[in-house]
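Chain by chain, the residues run as shown.
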Amino acid sequence: LAENLEDYRARLDAREFAWDTAAGALVPLDAAVRNRLLEEACTAMEPGLIASLAGAAASTEEEALRLHRRSARLRSECGALLDRKTEFTQTHQERAMELRREVMLFEAVEYLELQAARGDVSVTQVRSALHMLEVAAPVAPADALQRLHERLTALA
């Protein structure tokens, strides 16, 4: 139990967001949310610990073997679930970062359009923004890049 909780704590510490079943959504991980999620994990694992302790108190070799198999199965299931959760959270964080890049590009173009309306945009600023689009091309949606490129071209 302690090993699994320490592993879970390390995984939580490495993340910015985690799935919160109470909220039904990904939430930012602050200290309060981390502690609550650790407490929920501990509460969920306690029945397995109690069953394992009861099995360990058994005097027959057959019960001890059954306990060993159950412990191995539970350890394997817990590890697999934590790995899946890590994978899903990482995928979400990668997608969120891509979305942030896209939003930043739209905001930069909007800023340049506002500056152009005041007659205060330079060719260098437009070229820099076009370069930002080129850098973002591998990770940003093509249609968004096309719209931004058209808006920047109109400024040039």
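Residue numbering note: each chain is counted from 1, following its sequence as written. Where totals are concerned, whole chains, interfaces and linings use all residues; where local detail is concerned, this predicted model gives features only for residues with pLDDT of at least 70, and gives and counts side-chain atom pairs only at 80 or more. Hydrogens and water molecules were not included; the side-chain quantities draw on all heavy atoms of the structure.

The next thing to look at is the side chain of R34. Where helices and strands are cited, they refer to DSSP runs of H or I of at least four residues and of E of at least two residues respectively, numbered from the N terminus. Within the fold, R34 resides in helix α2 (residues 31-56). Throughout, exposure labels follow a simple rule: accessible area from a 1.4 Å probe, protein chains only, divided by the maximum for the residue type, with under 20% read as buried, over 50% as exposed, and the rest as partly exposed. Taking the relative accessible area as the measure of exposure, R34 reaches 17% and is therefore buried. We define a polar contact as two N or O atoms separated by no more than 3.5 Å, with the added condition that, inside protein, one atom must be a possible hydrogen donor and the other a possible acceptor, whereas residues neighbouring each other in sequence contribute only through side-chain atom pairs. Engagement of the side chain of R34 in a polar contact is seen with the backbone oxygen of L12, the distance being 3.1 Å. Here R15 takes part through its backbone oxygen, which lies 2.9 Å from a polar atom of the side chain of R34. Those residues in contact with R34 that sit more than four places away from it in its chain are L12, D13, R15 and L29. In what follows, residue pairs with any heavy atoms lying within 4.5 Å of each other are defined as contacts.

Bringing helix α4 (residues 123-136) into the picture now. By this rule the span expected of a helix is its residue count minus one, scaled by 1.5 Å. With 14 residues, α4 should cover 20 Å at 1.5 Å per step; its first-to-last C-alpha distance of 20 Å lies within 8% of that length. Looking only at α4, the buried set comprises V126, A129, L133 and A136. On an axial view of α4, the arc spanned by its buried residues comes to 85°, and they lie on one face. Projecting away from the buried face of α4 at angles above 90 degrees are the exposed residues V123, T124, R127, E134 and V135. Note: the arc covers the axis-to-C-beta directions of the helix.

Between N-to-C directions, angles cover 0 to 180 degrees, with each direction set by a line fitted to C-alpha atoms, over the stretch in contact for helices. For the pair α2 and helix α3 (residues 61-117), the least separation of the axes is 10 Å and the interaxial angle reads 160°. Judged by the angle between their axes, α2 and α3 are roughly antiparallel. The two elements α2 and α3 cross, and the hand of that crossing is left-handed. When α2 is examined against α3, the residues M45, G48, A51, S52, G55 and A56 are found in contact with a partner set consisting of L67, R70, S71 and C78. Here the angle decides the label: under 35 degrees means roughly parallel, over 145 means roughly antiparallel, 65 to 115 means roughly perpendicular, and every other value means oblique. Each helix crossing is assigned a hand: it is left-handed if the near helix lies turned anticlockwise from the far helix by less than a right angle, otherwise right-handed if that turn is clockwise.

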